[in-house]
Amino acid sequence: MPHYQLKRAKTDLASTKEVSTKHGEDELHRLKRCISQPSPLNSSAHVKELFRDIISANLKMCQYQGQLNVCPRGRPGPPGRAGPKGDKGTKGSRGIVGPPGRSGKQGKMGPSGVRGEKGIKGDIGPPGIPGIPGIKGQQGESISVPKVTISPPKLIVNETNTASLLCSVSGNLAAQISWSKANGSLPSDRTKVTSDGLIQITGVGLEDAGEYKCEARNILGKDEKAATLVVQSRL
(Lines give C-alpha, C1' and ligand atoms only; values in the text may rest on other atoms or scores of the structure.)
Protein backbone atom coordinates (compact mmCIF):
# COMPACT_ATOMS: atom_id res chain seq x y z
CA MET A 1 0.00 0.00 0.00
CA PRO A 2 1.37 3.49 -0.86
CA HIS A 3 2.32 5.73 2.04
CA TYR A 4 -0.14 8.47 1.15
CA GLN A 5 -3.03 5.96 0.94
CA LEU A 6 -2.24 4.54 4.41
CA LYS A 7 -2.01 8.06 5.83
CA ARG A 8 -5.40 9.01 4.34
CA ALA A 9 -7.00 5.83 5.77
CA LYS A 10 -5.66 6.61 9.25
CA THR A 11 -7.01 10.16 8.96
CA ASP A 12 -10.50 8.93 8.05
CA LEU A 13 -10.45 6.45 10.99
CA ALA A 14 -9.39 9.17 13.44
CA SER A 15 -12.17 11.47 12.25
CA THR A 16 -14.78 8.79 12.92
CA LYS A 17 -13.51 8.28 16.50
CA GLU A 18 -13.70 11.99 17.35
CA VAL A 19 -17.44 12.16 16.55
CA SER A 20 -19.55 11.39 19.60
CA THR A 21 -23.04 9.88 19.02
CA LYS A 22 -25.87 8.75 21.21
CA HIS A 23 -26.89 5.63 19.28
CA GLY A 24 -24.89 2.88 17.62
CA GLU A 25 -26.89 2.93 14.41
CA ASP A 26 -26.08 6.58 13.64
CA GLU A 27 -22.36 5.93 14.27
CA LEU A 28 -22.33 2.90 11.98
CA HIS A 29 -24.13 4.86 9.22
CA ARG A 30 -21.66 7.77 9.46
CA LEU A 31 -18.64 5.43 9.35
CA LYS A 32 -20.00 3.62 6.35
CA ARG A 33 -20.64 6.98 4.61
CA CYS A 34 -17.07 8.12 5.25
CA ILE A 35 -15.62 4.93 3.82
CA SER A 36 -18.08 4.73 0.89
CA GLN A 37 -16.93 8.13 -0.40
CA PRO A 38 -14.36 7.37 -3.07
CA SER A 39 -11.00 8.92 -2.46
CA PRO A 40 -9.21 10.30 -5.44
CA LEU A 41 -5.95 8.89 -4.03
CA ASN A 42 -7.24 5.41 -3.12
CA SER A 43 -7.48 3.07 -6.06
CA SER A 44 -7.40 -0.18 -4.12
CA ALA A 45 -10.72 -1.94 -3.37
CA HIS A 46 -9.06 -4.22 -0.82
CA VAL A 47 -8.19 -1.34 1.49
CA LYS A 48 -11.80 -0.22 1.51
CA GLU A 49 -13.09 -3.68 2.39
CA LEU A 50 -10.39 -4.08 5.07
CA PHE A 51 -11.36 -0.89 6.93
CA ARG A 52 -15.07 -1.70 6.62
CA ASP A 53 -14.54 -5.06 8.32
CA ILE A 54 -12.41 -3.46 11.05
CA ILE A 55 -15.00 -0.75 11.82
CA SER A 56 -17.92 -3.21 11.75
CA ALA A 57 -16.13 -5.58 14.14
CA ASN A 58 -15.32 -2.74 16.55
CA LEU A 59 -18.92 -1.49 16.57
CA LYS A 60 -20.28 -4.97 17.22
CA MET A 61 -17.89 -5.54 20.14
CA CYS A 62 -18.35 -2.15 21.77
CA GLN A 63 -21.31 -1.28 23.96
CA TYR A 64 -22.54 2.26 24.51
CA GLN A 65 -23.06 3.23 28.12
CA GLY A 66 -24.21 6.87 28.38
CA GLN A 67 -21.65 9.15 26.66
CA LEU A 68 -18.70 6.67 27.00
CA ASN A 69 -17.77 4.18 24.38
CA VAL A 70 -16.56 1.10 26.40
CA CYS A 71 -15.14 -1.87 24.55
CA PRO A 72 -14.04 -5.21 26.06
CA ARG A 73 -10.37 -6.02 25.91
CA GLY A 74 -9.44 -8.36 23.09
CA ARG A 75 -7.02 -11.27 23.14
CA PRO A 76 -3.38 -10.34 23.55
CA GLY A 77 -1.36 -10.36 20.40
CA PRO A 78 1.86 -12.34 19.88
CA PRO A 79 4.93 -10.98 21.65
CA GLY A 80 7.10 -8.63 19.63
CA ARG A 81 10.79 -8.84 19.06
CA ALA A 82 13.10 -8.13 21.91
CA GLY A 83 14.29 -4.56 22.00
CA PRO A 84 17.89 -3.48 22.23
CA LYS A 85 19.70 -4.03 25.50
CA GLY A 86 19.52 -1.00 27.76
CA ASP A 87 22.35 0.67 29.57
CA LYS A 88 23.73 -0.85 32.73
CA GLY A 89 21.93 0.48 35.79
CA THR A 90 23.51 1.89 38.89
CA LYS A 91 24.64 -0.47 41.62
CA GLY A 92 22.03 -0.92 44.32
CA SER A 93 22.58 -0.63 48.05
CA ARG A 94 24.02 -3.57 49.94
CA GLY A 95 21.40 -5.98 51.31
CA ILE A 96 21.06 -7.40 54.80
CA VAL A 97 23.57 -10.07 55.75
CA GLY A 98 22.01 -13.54 55.53
CA PRO A 99 22.15 -16.24 58.20
CA PRO A 100 25.41 -18.20 58.54
CA GLY A 101 25.74 -21.34 56.46
CA ARG A 102 26.34 -24.87 57.69
CA SER A 103 29.72 -25.64 59.17
CA GLY A 104 32.03 -27.64 56.95
CA LYS A 105 33.77 -30.92 57.67
CA GLN A 106 36.51 -31.00 60.24
CA GLY A 107 39.91 -30.58 58.69
CA LYS A 108 42.98 -32.72 59.25
CA MET A 109 44.75 -32.30 62.56
CA GLY A 110 47.95 -30.35 62.26
CA PRO A 111 51.29 -31.26 63.85
CA SER A 112 51.59 -30.87 67.60
CA GLY A 113 53.22 -27.70 68.81
CA VAL A 114 56.25 -27.29 71.01
CA ARG A 115 55.63 -28.18 74.63
CA GLY A 116 55.67 -25.16 76.87
CA GLU A 117 57.62 -24.68 80.05
CA LYS A 118 56.41 -26.19 83.29
CA GLY A 119 54.29 -23.78 85.27
CA ILE A 120 54.71 -22.77 88.87
CA LYS A 121 53.23 -25.12 91.44
CA GLY A 122 50.03 -23.73 92.89
CA ASP A 123 49.07 -23.40 96.52
CA ILE A 124 47.55 -26.30 98.40
CA GLY A 125 43.81 -26.11 98.36
CA PRO A 126 41.56 -26.34 101.41
CA PRO A 127 40.84 -29.81 102.77
CA GLY A 128 37.75 -31.47 101.38
CA ILE A 129 34.74 -32.75 103.24
CA PRO A 130 35.51 -36.04 105.05
CA GLY A 131 33.85 -39.09 103.55
CA ILE A 132 31.37 -41.42 105.19
CA PRO A 133 33.13 -44.00 107.41
CA GLY A 134 33.02 -47.52 106.07
CA ILE A 135 31.52 -50.59 107.66
CA LYS A 136 33.62 -52.12 110.42
CA GLY A 137 35.24 -55.34 109.27
CA GLN A 138 35.23 -58.64 111.05
CA GLN A 139 37.83 -59.25 113.70
CA GLY A 140 40.74 -61.30 112.42
CA GLU A 141 42.28 -64.30 114.04
CA SER A 142 45.00 -63.65 116.54
CA ILE A 143 48.45 -64.88 115.57
CA SER A 144 49.93 -67.70 117.60
CA VAL A 145 52.73 -70.22 117.78
CA PRO A 146 52.09 -73.35 115.63
CA LYS A 147 50.82 -76.49 117.34
CA VAL A 148 51.79 -79.90 115.95
CA THR A 149 49.73 -83.13 116.01
CA ILE A 150 50.92 -86.48 114.45
CA SER A 151 48.47 -89.11 113.29
CA PRO A 152 48.80 -91.91 114.19
CA PRO A 153 51.16 -91.46 117.15
CA LYS A 154 52.22 -95.14 116.78
CA LEU A 155 52.26 -97.00 113.45
CA ILE A 156 52.82 -100.76 112.97
CA VAL A 157 53.53 -102.01 109.42
CA ASN A 158 54.83 -105.24 107.92
CA GLU A 159 58.25 -105.41 106.34
CA THR A 160 58.40 -104.24 102.65
CA ASN A 161 55.14 -102.29 103.01
CA THR A 162 54.66 -98.47 102.98
CA ALA A 163 54.53 -96.42 106.20
CA SER A 164 52.54 -93.14 106.22
CA LEU A 165 52.47 -90.50 108.98
CA LEU A 166 50.55 -87.16 108.85
CA CYS A 167 51.76 -84.04 110.66
CA SER A 168 48.92 -81.50 111.20
CA VAL A 169 49.74 -77.87 112.20
CA SER A 170 47.23 -75.45 113.75
CA GLY A 171 47.52 -71.73 114.64
CA ASN A 172 47.67 -68.41 112.78
CA LEU A 173 50.54 -67.55 110.40
CA ALA A 174 51.82 -70.20 108.03
CA ALA A 175 54.45 -72.58 109.41
CA GLN A 176 57.22 -74.53 107.73
CA ILE A 177 57.02 -78.32 108.32
CA SER A 178 60.01 -80.68 108.41
CA TRP A 179 60.47 -84.42 109.26
CA SER A 180 63.47 -86.11 110.84
CA LYS A 181 64.41 -89.47 112.49
CA ALA A 182 65.42 -89.42 116.13
CA ASN A 183 68.26 -91.99 115.83
CA GLY A 184 69.54 -91.86 112.27
CA SER A 185 68.56 -90.28 108.99
CA LEU A 186 65.65 -90.66 106.59
CA PRO A 187 66.18 -92.97 103.61
CA SER A 188 66.17 -90.32 100.86
CA ASP A 189 65.58 -92.79 98.03
CA ARG A 190 62.45 -94.23 99.67
CA THR A 191 61.04 -91.16 101.50
CA LYS A 192 58.45 -88.67 100.16
CA VAL A 193 57.34 -85.55 102.12
CA THR A 194 54.40 -83.40 100.89
CA SER A 195 53.65 -79.74 101.67
CA ASP A 196 50.63 -80.63 103.83
CA GLY A 197 52.86 -82.59 106.32
CA LEU A 198 52.46 -86.20 105.00
CA ILE A 199 55.54 -88.47 105.03
CA GLN A 200 55.66 -91.83 103.21
CA ILE A 201 58.43 -94.46 103.42
CA THR A 202 58.19 -97.26 100.84
CA GLY A 203 59.65 -100.77 101.24
CA VAL A 204 60.25 -100.41 104.96
CA GLY A 205 62.76 -102.71 106.67
CA LEU A 206 63.76 -103.45 110.22
CA GLU A 207 66.31 -100.61 110.10
CA ASP A 208 63.48 -98.09 109.48
CA ALA A 209 61.84 -98.79 112.81
CA GLY A 210 62.20 -96.05 115.44
CA GLU A 211 60.97 -92.60 116.40
CA TYR A 212 60.09 -89.92 113.78
CA LYS A 213 59.81 -86.22 114.67
CA CYS A 214 57.69 -83.50 112.98
CA GLU A 215 58.65 -79.86 113.54
CA ALA A 216 56.63 -76.75 112.59
CA ARG A 217 58.19 -73.25 112.74
CA ASN A 218 56.92 -69.66 112.11
CA ILE A 219 58.08 -66.17 113.13
CA LEU A 220 56.56 -66.57 116.62
CA GLY A 221 58.20 -69.87 117.51
CA LYS A 222 58.14 -73.61 116.88
CA ASP A 223 56.51 -76.86 118.05
CA GLU A 224 57.39 -80.51 117.51
CA LYS A 225 55.89 -83.94 118.16
CA ALA A 226 57.18 -87.50 117.72
CA ALA A 227 55.58 -90.74 116.50
CA THR A 228 56.82 -94.35 116.73
CA LEU A 229 57.17 -96.67 113.72
CA VAL A 230 57.14 -100.43 114.42
CA VAL A 231 58.21 -102.82 111.61
CA GLN A 232 57.12 -106.46 111.85
CA SER A 233 59.38 -109.11 110.36
CA ARG A 234 57.98 -111.94 108.18
CA LEU A 235 59.61 -114.49 110.47
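As annotated in an unreviewed UniProt entry, the protein chain carries the name Collectin-11 and comes from Stylophora pistillata.

Visitor: Is there a simple way to think about a nonpolar patch on the surface in this case?
Guide: On the surface, Ile143, Val145, Leu173, Ile219 and Leu220 cluster together into a nonpolar patch covering about 470 Å² of accessible area. Within the secondary structure, Leu220 is located in the loop between strand E9 (210-218) and strand E10 (221-232).

Visitor: Sorry if this is basic, but what is going on with unusual backbone geometry here?
Guide: Where the residue is not glycine, phi is negative for most of them; where a peptide bond is considered, it is trans in most cases. Residues Ser151 and Pro152 are joined by a peptide bond in cis, for which omega reads -10 degrees. Inspection of the secondary structure assignment puts Pro152 in the loop between strand E3 (147-151) and strand E4 (154-158). Phi at Thr160 takes a positive value of approximately 75 degrees, unusual for a residue other than glycine. With respect to the helices and strands, the residue Thr160 is situated in the loop between E4 and strand E5 (163-170). Looking at Thr160, the relative accessible area reads 44%, which means it is partly exposed.

Visitor: Is there a simple way to explain the pattern of salt bridges in this structure?
Guide: Close approach of charged atoms lets side chains of opposite charge pair. Within this structure, the stated rule accounts for three salt bridges. When the shortest N-O distance is used, the salt bridge between Asp208 and Arg190 registers 3.0 Å. One end of the pair, Asp208, is in the loop between strand E8 (198-201) and E9; the other, Arg190, is in the loop between strand E6 (176-181) and strand E7 (191-193), and 18 residues separate them in sequence. On the basis of relative accessible area, Asp208 is assigned to the buried category, the value being 3%. In this structure, Glu215 engages Arg217 in a salt bridge whose closest nitrogen and oxygen atoms are separated by 3.1 Å. Of the residues examined, Glu215 reaches a relative accessible area of 18% and is grouped as buried. Judged by relative accessible area, Arg217 falls into the partly exposed class, the value being 43%.

Visitor: Honestly, the sheet that holds E8 in this entry has me stumped. Any pointers?
Guide: What links the strands of a sheet is backbone hydrogen bonding, and the strands pair in either a parallel or an antiparallel sense. Read from one edge of the open sheet, four strands run E3-E5-E8-E7, paired in antiparallel fashion. The sheet terminates laterally at E3 and E7, the two strands that pair on one side only. Strand-to-strand twist of the sheet, defined as the mean angle between neighbouring strand axes without regard to direction, takes the value 15 degrees. With three bridges joining them, E7 and E8 adopt antiparallel strand pairing. Each bridged residue has a counterpart across the sheet, and for Thr191 the counterpart in E8 is Ile201.

Visitor: Please clarify how the pairing of E3 should be interpreted in this entry.
Guide: Within a regular strand, the side chains alternate between the two sheet faces. Covered by surrounding structure in E3 are Val148 and Ile150 only, the residues Lys147, Thr149 and Ser151 on the alternate face being uncovered. Alignment of E3 against E5, held across five bridges, turns out to be antiparallel. Bridging across to E5, Lys147 finds its partner in Ser170.

About the thresholds
- Residues numbered from 1 in each chain as written.
- Predicted model: local features only at pLDDT ≥ 70, side-chain atom pairs only at ≥ 80, totals over all residues.
- Heavy atoms only, no water.
- Patch = residues over 30% accessible without salt bridge, like charges linked within 9 Å, V, L, I, M, F, W, Y side chains within 5 Å.
- Areas by Shrake-Rupley, 256 points an atom, 1.4 Å probe, with all protein chains shown as cover.
- Salt bridge = Lys/Arg side-chain N within 4 Å of Asp/Glu carboxyl O.
- Helix = DSSP H or I, 4+ residues; strand = E, 2+ residues; numbered from the N terminus.
- Buried < 20%, exposed > 50% of the residue type's maximum accessible area, 1.4 Å probe, protein only.
- Pairing = 2+ DSSP bridges.
- Axes fitted to C-alpha atoms, helices over the stretch in contact; angles between N-to-C directions.

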